[in-house]
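# Topology and contacts: notes
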Amino acid sequence: MSSLDCISNGTLGELMMNDEGASEHYRAGLTLDKTSLKFLGPECFSNTFSFDAIFEQQDPQDRIFYDVESIVLSVLQGFNGTICAYGQTGSGKTHTLFGDIGSSSTRGIVPRAMAAVCTGMASNTEDCIFSVGMSVVEIYCEKIRDLLDTSNENLQVQQDRVRGVYLANAHEAAVWSEAQLINRSLSALGNVVNALTDGKATHVPYRDSKLTRVLQDSLGGTAKTALIICCSPCMSNASETLSSLRFGARAQGITNAVQSNACSIAGKDIANLLVAARKDCDDLRSQLILLEWRKFTTSLF
Ligand SMILES: Nc1ncnc2c1ncn2[C@@H]1O[C@H](COP(=O)(O)OP(=O)(O)OP(=O)(O)O)[C@@H](O)[C@H]1O
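Small disclaimer: the values here were computed from a predicted structure and weren't measured.

Thresholds applied
- Residues numbered from 1 in each chain as written.
- Predicted model: local features only at pLDDT ≥ 70, side-chain atom pairs only at ≥ 80, totals over all residues.
- Heavy atoms only, no water.
- Helix = DSSP H or I, 4+ residues; strand = E, 2+ residues; numbered from the N terminus.
- Buried < 20%, exposed > 50% of the residue type's maximum accessible area, 1.4 Å probe, protein only.
- Contact = heavy atoms within 4.5 Å.
- Areas by Shrake-Rupley, 256 points an atom, 1.4 Å probe, with all protein chains shown as cover.
- Axes fitted to C-alpha atoms, helices over the stretch in contact; angles between N-to-C directions.
- Parallel < 35°, antiparallel > 145°, perpendicular 65-115°, else oblique.
- Left-handed = near helix turned anticlockwise from the far one by under 90°.
- Nonpolar A, V, L, I, M, F, W, Y, C, P; charged D, E, K, R; others polar.
- Expected span 1.5 Å × (residues − 1).
- Phe/Tyr/Trp six-rings, centres within 6.5 Å; stacked < 30°, edge-to-face > 60°.
- Lys NZ or Arg CZ within 6 Å of the ring centre and 35° of its normal.

### Observations concerning the overall build of the chain
Each helix and strand in the chain was counted, giving seven helices and 15 strands. Classification of the 301 residues of the chain by burial places 33% in the buried group. Considering only contacts in the chain between residues 6 or more positions apart, those separated by 24 or more positions represent 58%. Accessible area of the chain: about 18,400 Å², with a carbon and sulfur share of 54%.

### Some thoughts on the packing of helix α1 (residues 61-74) against helix α3 (residues 109-122)
Packing of α1 against α3 brings their axes to within 10 Å, and their N-to-C directions diverge by 45 degrees. As summarised for this structure, α1 and α3 are arranged oblique, according to the angle between their axes. At the point where α1 passes α3, the crossing takes the right-handed sense. Facing α1, whose interface residues are Gln61, Asp62, Ile64, Phe65, Val68, Val72 and Leu73, α3 presents Ile109, Arg112, Ala113, Ala116 and Val117. Grouping the constituent residues of the contact of α1 with α3 by class yields nine nonpolar, one polar and two charged.

### Here we look at α3
Look at α3: 20 Å from first C-alpha to last across 14 residues, which is about the 20 Å you get at 1.5 Å a residue. Buried within α3 are the following residues: Ile109, Pro111, Arg112, Ala113, Ala116, Val117 and Gly120. In the core, the buried residues of α3 are packed alongside α1, β9 (81-86), α2 (93-97) and β14 (224-231).

### Topic: the packing of aromatic side chains
By the definition in use, this model includes three aromatic pairs. Between Phe49 and Phe51, the ring centres sit 6.3 Å apart and the planes meet at 10 degrees, which makes this aromatic pair stacked. Both rings, one in Tyr86 and one in Phe247, keep their centres 4.0 Å apart while their planes meet at 10 degrees; by these two values the pair is stacked. One end of the pair, Tyr86, is in strand β9; the other, Phe247, is in helix α6 (residues 238-251), with 161 residues separating them in the sequence. Above the face of the Phe79 ring, Lys224 is positioned so that its terminal group lies 4.4 Å from the ring centre.

Note that all results are geometric; they support no functional claim without further evidence.
The structure is reproduced here in structure tokens:
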């Protein structure tokens, strides 16, 4: 069992401008040490939170990647891994996940993770066969958009025994306002986290939104998961910051039963696979000869 890694990334601990942009500075938070921080909000409200790691605005991207690298590398051992950024708009999710993709020092987690997986496969010395695929999707207003094929505007979440939860193409007509749909996703996420951590819930409502269905294996499933809580430094955002920190604190109570998808193949099985592959090759070769012969004979008449 592995508990969710929770990392807070933001500028809590920095001095910042007040709402009116006047020169007076506020402390909206104070980093106490590397794993706990005291949130200091308006009217002297305070709350202390503990996380696996806390980063500040000026912390370099490689330091943040270092803390989630083990999840990325365990993918090479067949584990599913999720690195998820959560926080209000403008709090640094894109900066943390993507950063400046073209720069080796300021690129974010996603380009670093891809490089680490490719390097890991290239330097692997064991007899391993890796199967790698990639999908990039955006979940917005209960629609899942394929960012690698923008004609796929509404991928459908499906599930079966072999593939687990996966995305397939489908159409759906729903008339919901943007704000309602965003709220629906976030409240569904909150409900899933609450159900997973309250200890008495008999049902986890994964099916209430596309976001929670996609994250099903990451929250309470078999994946290794890190949740990065991004926070705004502005005092005007203090209530959102507090709510994000509370979400992160709650999510730390989730435990996943991590499981590797890797399977080892015995020498006898490899020999059988080779025989079957040779037979497939022979069958395909015969079919090709037959097709070429048919093509040749039709061209004669
Ligand atoms: N740690 C940081 N250091 C420097 N700049 C940052 C940092 N975090 C965020 N920023 C800057 O703040 C702005 C907003 O950040 P970003 O776009 O990452 O937010 P977001 O959470 O992805 O927002 P949205 O949800 O609206 O997409 C960007 O200009 C980004 O470069």
